[in-house]
Amino acid sequence: MKHIIKFTANRVWRTYQGGKLLDTIEKKSNPEDSSFPEDWIGSTVEARNVGREHISEGLAMVPTEDGQPVAFRDLLKQNQGYFLGQEGDKARTLDDIPLVKYLDSATRLHFQAHPTREFAQQRLGLPRGKTEAYVILETREEVSEPYIYAGFQRPPSREQLKEWIETQDISSIEACFDRIAVKPGDVFLIPGGRPHALGEGILMLEIMEPSDLAVRFEFERCGYVIPEQARFMNQGIETALDVFDFSPVPPEQVDAEFRCHPKVLNTDAQGNTLEELIGAQDTSCFTIRRASVSGKFSREEEAFFFGVVTQGSGTLRIGDEVTELKQWERFFCPAGVREFEYASTSGMSILECYPGNT
């Protein structure tokens, strides 16, 4: 068995439009936006799509030598200690695996909020909430001012928000937010409870807790109306409102609250650099690093990670095993691999998504 597991495209149906850039990455002959704007990388999570329960979506599949693909989730279970390792004396489980996605928006996404881990455990009986992070990769040329919404800059009262949701007064809801300008390379952390929406024309890597829980308090986008049971996690509106963090994030505090700044962990004489984009000081849910490769870059790690090649190309060597890496490819490196080496003659950048410290 090869140490490194590469993933093919795993497109997932969503309630908004996008995916043209993902089509381009996949070298499709006629790239276009559709209802498949996301690619779930190495996912061990099933998508929750009301009305499509008869379709299995979200789980990543891995080809095997006999030609029969196996769910990545099932493959991990065959040797969980090797693949996932431990955190201290505790064996890691599938619940420790972050959900990593390519997301390519053609339109502004629905206004939504996700539960915290504590809310999910105490109120929903589920192990994980949905704190999430964004790493902006590209923006569309036709979108002159790409943006996100995050946190209420001008919070409504609970009763006011309830009325606006029930009457779908989207202009009043939108007036609670300011646009936060984004550009390639930006990194944001959106904690559970904070209302948010992603603007149109953004290709990003989204890293989150392994769940598909969302309070969608805007019911229609691009002509598609979200079914009632899919709006509030199959709960009532009062439970949905309990998810929200209503504390204000005024404009002068937005960057401190949501924007993350890279921290250099190490660098060498060749120009190789390892940065921490999101670490334990930011969240316990996951860790994100960026390796910038120039020449040969030897590494030692103890935890598993998902790798996504965002720029350039090169190789990853483990002993005598050499894996070719091209831009936009994604892979999984097991916890049982402690030493490896990146190499690139032209330069390569890899985002590495690790489990958190739970």
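Provided above is the structure to which this section pertains.
Residues numbered from 1 in each chain as written. Predicted model: local features only at pLDDT ≥ 70, side-chain atom pairs only at ≥ 80, totals over all residues. Heavy atoms only, no water.

Undergrad: Break down the overall build of the chain for me, with residues and values.
TA: Looking only at helices and strands, one finds eight helices and 26 strands in the chain. Its C-alpha radius of gyration of 20 Å places the chain within 12% of the 21 Å reference for a compact globule of 358 residues. Along the longest, intermediate and shortest principal axes, the C-alpha atoms of the chain span 65 × 50 × 40 Å. When the 358 residues of the chain are sorted by exposure, 57% land in the buried category. Taking the intrachain contacts of the chain between residues at least 6 apart in sequence as the baseline, contacts between residues at least 24 apart amount to 73%. (Helix = DSSP H or I, 4+ residues; strand = E, 2+ residues; numbered from the N terminus. Rg over C-alpha atoms; globule rule 2.2 N^0.38 Å. Buried < 20%, exposed > 50% of the residue type's maximum accessible area, 1.4 Å probe, protein only. Contact = heavy atoms within 4.5 Å.)

Undergrad: Pulling in residues and values, what's your account of helix 5 (residues 158-167)?
TA: Since the α-helix turns once every 3.6 residues, residues separated by three or four places project in the same direction. Of the residues making up helix 5, those classed as buried are Leu161, Lys162, Trp164 and Ile165. The arc that holds every buried residue of helix 5, seen down its axis, measures 165°, which confines them to one face. Those residues of helix 5 that are exposed and angled more than 90 degrees off the buried face are Glu159, Glu166 and Thr167. Buried residues along helix 5 sit against helix 6 (170-174) and helix 7 (237-243). Looking one or two residues beyond helix 5, the residue adopting positive phi is Gln168, at roughly 50°. (Arc of directions from axis to C-beta.)

Undergrad: Can you tell me about the nonpolar core, naming the residues and giving the values?
TA: If you look at the biggest cluster of nonpolar residues, it comprises 58 residues, and the most contacted ones within it are Phe7, Phe72, Leu205, Phe331, Phe332 and Tyr342. Of all the elements, strand 26 (residues 339-355) adds the most residues to this core, at seven residues. Excluding residues that lie within four positions of it along the chain, Phe7 makes contacts with Ile41, Gly42, Ala60, Val62, Phe72, Phe306, Arg330, Phe331 and Phe332. (Core = buried A, V, L, I, M, F, W, Y, C linked by side-chain atoms within 4.5 Å.)

Undergrad: Residue-level account of the side chain of Asp23, with values.
TA: Locating Asp23 in the fold gives a position in helix 1 (residues 20-25). The buried category is assigned to Asp23, whose relative accessible area is 6%. Within the structure, the side chain of Asp23 is placed 2.9 Å from the side chain of Arg11, a separation counted as a polar contact. Those residues in contact with Asp23, other than ones at most four positions away along the chain, are Arg11, Lys28, Asn30, Pro31 and Glu32. (Polar contact = N/O pair within 3.5 Å; in protein donor to acceptor, adjacent residues only side chain to side chain.)

Undergrad: Explain the environment of Val100 residue by residue, including any values.
TA: Topologically, Val100 is positioned in strand 8 (residues 99-104). Here Val100 falls in the buried class, since its relative accessible area comes to 0%. Distance in space between the C-alpha atoms of Val100 and Leu205 is 7.0 Å, their sequence separation being 105 residues.

Undergrad: Would you mind going over the sheet that holds strand 10 (residues 132-139) in detail, with residue names and values included?
TA: Hydrogen bonds along the backbone pair up the strands of a sheet, which may run parallel or antiparallel. With respect to topology, six strands assemble into an open sheet ordered 2-3-8-15-10-13, the strand pairing being antiparallel. Looking at strand neighbours, the two that pair on one side only are strand 2 (11-12) and strand 13 (187-190), the edges of this open sheet. Of the strand pairs in this sheet, strand 3 (residues 38-41) and strand 8 are connected by four bridges, and their pairing is antiparallel. Residue pairing in the sheet places Trp40 in a bridge with Lys101 of strand 8. (Pairing = 2+ DSSP bridges.)

Undergrad: Describe the packing of aromatic side chains, and please don't skip the residues or the numbers.
TA: Summed over all chains, the structure comprises 25 aromatic pairs. Taking the centre distance of 6.0 Å and the plane angle of 65° together, the rings of Phe219 and Phe232 count as edge-to-face. Highlighted residues: Phe219 in the loop between strand 16 (215-216) and strand 17 (220-221) and Phe232 in the loop between strand 18 (224-225) and helix 7, separated in sequence by 13 residues. Its relative accessible area of 11% is what places Phe219 among the buried residues. (Phe/Tyr/Trp six-rings, centres within 6.5 Å; stacked < 30°, edge-to-face > 60°.)

Undergrad: I'd like a rundown of the environment of Ile136, residues and numbers included.
TA: Following the sequence through the fold, Ile136 ends up in strand 10. Here the alpha-carbon distance between Ile136 and Asn30, two residues 106 residues apart in the chain, equals 24 Å. Apart from residues no more than four positions distant in its own chain, Ile136 is found in contact with Val182, Lys183, Pro184, Gly185, Asp186, Phe188, Ile202, Leu203 and Met204.

Undergrad: Go over unusual backbone geometry with me, naming the residues and quoting the values.
TA: Phi at Lys27 is positive, roughly 60°, even though this residue is not glycine. Tracing the backbone through its elements, the reader meets Lys27 in the loop between helix 1 and strand 3. For Lys27, a relative accessible area of 73% translates into the label exposed. Positive phi outside glycine occurs at Cys222, with the angle close to 55°. Along the chain, Cys222 turns up in the loop between strand 17 and strand 18.

Undergrad: Can you tell me about the pairing of strand 11 (residues 147-150), naming the residues and giving the values?
TA: The side chains of a regular strand alternate, first on one face of the sheet and then on the other. The side-chain alternation of strand 11 yields two buried faces, one formed by Tyr147 and Tyr149 and the other by Ile148 and Ala150. Here two bridges tie strand 11 to strand 12 (residues 180-181), and the two strands are oriented antiparallel to one another. Paired with Ile148 across the bridge in strand 12 is Ile180. Relative to strand 14 (residues 196-198), strand 11 runs antiparallel, the two being bridged by three bridges. By the bridge assignment for strand 14, Ile148 is matched with Leu198.

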